[in-house]
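Overview (structure and organization)
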Amino acid sequence: MMTVEKEHREVGLAGSIGIFSAILAIIMVGKLFFGFDTALLLMIVSMFTSFVYVFGYKFTWDELFNGGIVPMVARASGAIMILLTVGPMIAAWMISGTIPYIIYLGLQLLTPKTFLLAAFIVTCISSTVTGTSWGSAATFGVAFMGIAMGLGVSPAAAAGAIVAGSYFGDKLSPVSDTTVLAAATAEVDVIDHIRSMIWTTTPAFIISLLIYFLVGSRASGAIDMSQINEILTALQNTFTLTPIVLIPPIILLILAYMRKPTLPVLWVAMMAAVPLAMMQGYTVPEVVKIMANGPKIATGVASVDKLLSRGGLSFMAGSVAVVFFAYIFAGQLEYSGTFSRISTALRDKFIRGNKGKLVFSISLSGIMTGLGTGNSYLSEIVPGTMYRELCDEMNVSRRVLSRTLEDSGTVVVPLIPWSAAGIYMSTVLDVPVFSYAPWAFLCYLGFLTAWFYGFTGIAIWPSDKSKARG
């Protein structure tokens with residue numbers, strides 16, 4: 001981090017806490033009371049921090065821009081390129097039949113006695129291949145909620161399984177924006193980040209499977225397959241469903257396993273879908289246009305159309321704007337020393353060289369940011385930026401940081417009633433957040449596992465940075 005010149009007023013601990021608190025207050029009021037667009041709200045925050053540092057602490061705009069914003073955005077350029085690539089890749093996988101076929105296979109898992117288990121697994125599959133929790137909940141989630149009523153399954157339990165499954169892929173999928181963002185914020189490779197997350201996600205996933213199976217096995221009655229059959233028929237009538245369309249994700253998995261660079265891997269996986277899209281009846285010019293603007297798939301089932309008609313370069317514009325504006329004020333906070341003042345105070349007064357307390361602090365910061373802002377992006381960006389250097393100082397790998405950001409940010413936000421995710425899930429599934437939250441085991445078992453690992457030293461790897469000062 002660049003040092004602040006002597007003529008500047010030093011940003012002390014009280015000032016740092018005040019600025020940080022004001023930022024959270026602006027975001028909370030803007031979201032909860034006025035419903036402002038997140039990207040524009042973060043632009044307002046960037047204007048606020050610029051005003052405070054220029055007029056309150058005597059920084060110049062050129063210093064903030066060249067010393068804080070430019071380096072921060074430059075470090076985020078990799079994430080931005082990946083996000084912009086993921087959009088066209090999703091579109092290509094949609095029209096090639098790749099994602100529809102995986103969804104089709106997932107629906108075959110549904111049986112009466114394993115309803116909760118199947119609902120969890122299917123939404124895990126859907127969210128992983130599409131990278132969207134909201135789309136999975138709005139399609140399969142809605143269908144499963146109707147079926148749950150006929151089986152005598154608790155609506156709260158059904159909704160909890162759906163939310164947990166929907167956020168499984170949002171957390172782990174290489175085509176999920178939050179996955180890419182967490183890796184970029186901690187400055188680690190996306191695939192390394194996903195491998196690190198497997199350590200905390202696997203126990204949470206297995207425990208969730210066991211509980212859903214035991215609870216779901218008590219259900220009685222017969223499944224009304226009409227909604228599921230409607231989806232299956234729509235997919236069959238719209239696409240040529242054959243195992244051949246699984247070539248792109250197989251290529252992605254193989255190249256990822258070989259530890260090839262993430263961006264070229266996504267390019268290869270995207271281009272592998274082009275001939276498959278042509279097999280589905282699209283011409284090359286049509287494929288290129290769809291990769292730019294997104295597909296408009298018509299299956300005859302509105303909910304399925306909404307899920308499949310996503311992707312494209314323009315589809316990721318909103319996510320990129322949020323990341324861009326968030327990094328503007330985050331860069332200012334880093335350059336001014338605001339983040340370092342807070343993290344240093346935590347290090348000296350609480351963490352004191354204890355790696356378990358470090359993981360706990362990262363986790364709690366993410367949860368508190370989520371509670372304060374209701375935004376999963378900020379619950380990753382803010383603590384991720386605060387604790388990067390401290391992880392290096394304490395000889396803790398940033399892969400531990402990146403996975404803790406997801407364990408305490410991405411999957412926790414839908415458990416917050418006033419967050420956009422909480423409002424969306426409760427509305428779509430028609431179950432209050434406080435009712436389904438206890439059943440969304442995956443959403444809180446992750447950070448509990450992270451705490452356990454932190455204090456026991458399990459999967460707490462040494463720093464990957466050559467200059468670790470631990």
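In what follows, the accompanying structure is described. (Residues numbered from 1 in each chain as written. Predicted model: local features only at pLDDT ≥ 70, side-chain atom pairs only at ≥ 80, totals over all residues. Heavy atoms only, no water.)

Overview of the overall build of the protein chain
Helices and strands together make up the secondary structure of the protein chain, namely 23 helices and 0 strands. Dimensions along the principal axes, computed over C-alpha positions, put the protein chain at roughly 70 × 50 × 45 Å. The buried share among the 470 residues of the protein chain stands at 59%. Looking at the protein chain alone, contacts between residues at least 24 apart form 79% of all its contacts between residues at least 6 apart. In the structure as shown, the protein chain presents an accessible area of about 18400 Å², 68% of it carried by carbon and sulfur atoms. The positive charge centre, built from 28 side chains, and the negative charge centre, built from 25, are 6 Å apart in the protein chain. (Helix = DSSP H or I, 4+ residues; strand = E, 2+ residues; numbered from the N terminus. Buried < 20%, exposed > 50% of the residue type's maximum accessible area, 1.4 Å probe, protein only. Contact = heavy atoms within 4.5 Å. Areas by Shrake-Rupley, 256 points an atom, 1.4 Å probe, with all protein chains shown as cover. Lys, Arg positive; Asp, Glu negative; His and termini not counted. Charge placed at Lys NZ, Arg CZ, Asp CG, Glu CD.)

Quick notes on the packing of aromatic side chains
Where two aromatic rings form a pair, the distance of their centres and the angle of their planes describe that pair. Here the structure, examined in full by the defined rule, presents 18 aromatic pairs. Seen in terms of ring centroids, Phe452 and Tyr453 are 6.3 Å apart; in terms of plane orientation they differ by 50°. Their pairing is tilted. For Tyr453, a relative accessible area of 9% puts it in the buried group. Aromatic ring contacts, followed pair by pair, group Phe120, Phe168, Phe205, Tyr212, Trp439, Phe441 and Tyr444 into a single cluster. Stacked on the ring of Tyr57, the Lys or Arg Arg9 has its end atom at 5.0 Å from the ring centre. (Phe/Tyr/Trp six-rings, centres within 6.5 Å; stacked < 30°, edge-to-face > 60°. Lys NZ or Arg CZ within 6 Å of the ring centre and 35° of its normal.)

Re the environment of Gln332
Inspection of the secondary structure assignment puts Gln332 in helix α16 (residues 317–335). A residue is classified by how much of its surface remains accessible, and Gln332, at 0% relative accessible area, is buried. Considered as a pair, Gln332 and Gly160 are 172 residues apart in the sequence and their alpha carbons are 39 Å apart. Beyond its immediate chain neighbours, meaning those up to four positions away, Gln332 contacts Ser46, Thr49, Ser50, Tyr53, Trp61, Leu64 and Ile69. Polar side-chain contacts of Gln332 include one of 2.4 Å to the side chain of Thr49. (Polar contact = N/O pair within 3.5 Å; in protein donor to acceptor, adjacent residues only side chain to side chain.)

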